[in-house]
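The primary structure of each chain is shown beneath.
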Amino acid sequence: MATQFSGTPQVKTRTALLIFIKGSSAPIVLYLENPQAVYEEFQQLLRSNSSTIIEKEATGPIKKLSFSASQISAVALQEEQYV
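These lines cover the structure that appears in this document, whether it is placed above or below. Computed from a predicted model, the values in this text were never measured in an experiment.

The rules behind the values
- Residues numbered from 1 in each chain as written.
- Predicted model: local features only at pLDDT ≥ 70, side-chain atom pairs only at ≥ 80, totals over all residues.
- Heavy atoms only, no water.
- Helix = DSSP H or I, 4+ residues; strand = E, 2+ residues; numbered from the N terminus.
- Rg over C-alpha atoms; globule rule 2.2 N^0.38 Å.
- Buried < 20%, exposed > 50% of the residue type's maximum accessible area, 1.4 Å probe, protein only.
- Contact = heavy atoms within 4.5 Å.
- Areas by Shrake-Rupley, 256 points an atom, 1.4 Å probe, with all protein chains shown as cover.
- Lys, Arg positive; Asp, Glu negative; His and termini not counted.
- Charge placed at Lys NZ, Arg CZ, Asp CG, Glu CD.
- Phe/Tyr/Trp six-rings, centres within 6.5 Å; stacked < 30°, edge-to-face > 60°.
- Lys NZ or Arg CZ within 6 Å of the ring centre and 35° of its normal.
- Core = buried A, V, L, I, M, F, W, Y, C linked by side-chain atoms within 4.5 Å.

Looking at the overall build of the chain
Thinking step 1. Each helix and strand in the chain was counted, giving one helix and five strands.
Thinking step 2. Ordered by position from N to C terminus, the α and β elements of the chain give β-β-α-β-β-β.
Thinking step 3. At 17 Å, the chain has a C-alpha radius of gyration far larger than the 12 Å of a compact globule built from 83 residues.
Thinking step 4. Split into buried and exposed, the 83 residues of the chain put 30% on the buried side.
Thinking step 5. Restricting to contacts in the chain with at least 6 residues of sequence separation, those with at least 24 account for 60%.
Thinking step 6. Here the chain displays about 6,000 Å² of accessible surface, and carbon together with sulfur accounts for 49% of that area.
Thinking step 7. Across the chain, the mean location of the 7 positive side-chain charges is 3 Å away from that of the 7 negative side-chain charges.

Written out as structure tokens, the structure is:
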């Protein structure tokens, strides 16, 4: 007989920034304090085709990341649920 849990777990939502790099098969996933602002910043870099070096600090498994802006092929925001 299955037992019922007394309470439902508290499901939270967080937003991750996905950075697609040219020549890479998987995106880089960053968890940031304000992912929407960084997303807008990367969108502007994609429009300008600049070759500046980007350095970002994140709060997830990847703590610090540096790469050339010319290597970005796309960026996206993704909402994730976790307990």
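Overview of the packing of aromatic side chains
Thinking step 1. For the structure on display, the rule yields one aromatic pair.
Thinking step 2. Between Phe42 and Phe67, the aromatic rings sit 6.1 Å apart at their centres with planes inclined by 75°, giving edge-to-face as the arrangement. Highlighted residues: Phe42 in helix α1 (residues 35-48) and Phe67 in strand β4 (residues 64-68), separated in sequence by 25 residues.
Thinking step 3. Against the face of Tyr31 rests Arg14, its NZ or CZ located 4.4 Å from the ring centre.
Thinking step 4. Positioned over the ring face of Tyr82 is Arg14, at 4.6 Å from the centre of the ring.

Side note on the nonpolar core
Thinking step 1. In terms of nonpolar packing, the biggest core is built from 15 residues, with Ile19, Phe42, Ile54, Phe67 and Ile72 touching the most fellow members.
Thinking step 2. Broken down by secondary-structure element, the contributors of at least two residues to this core are β1 (12-21), α1, β4 and β5 (72-82).
Thinking step 3. Residues within four places of Phe42 in sequence aside, it is in contact with Leu17, Ile19, Ile54, Lys56, Phe67, Ile72 and Val75.

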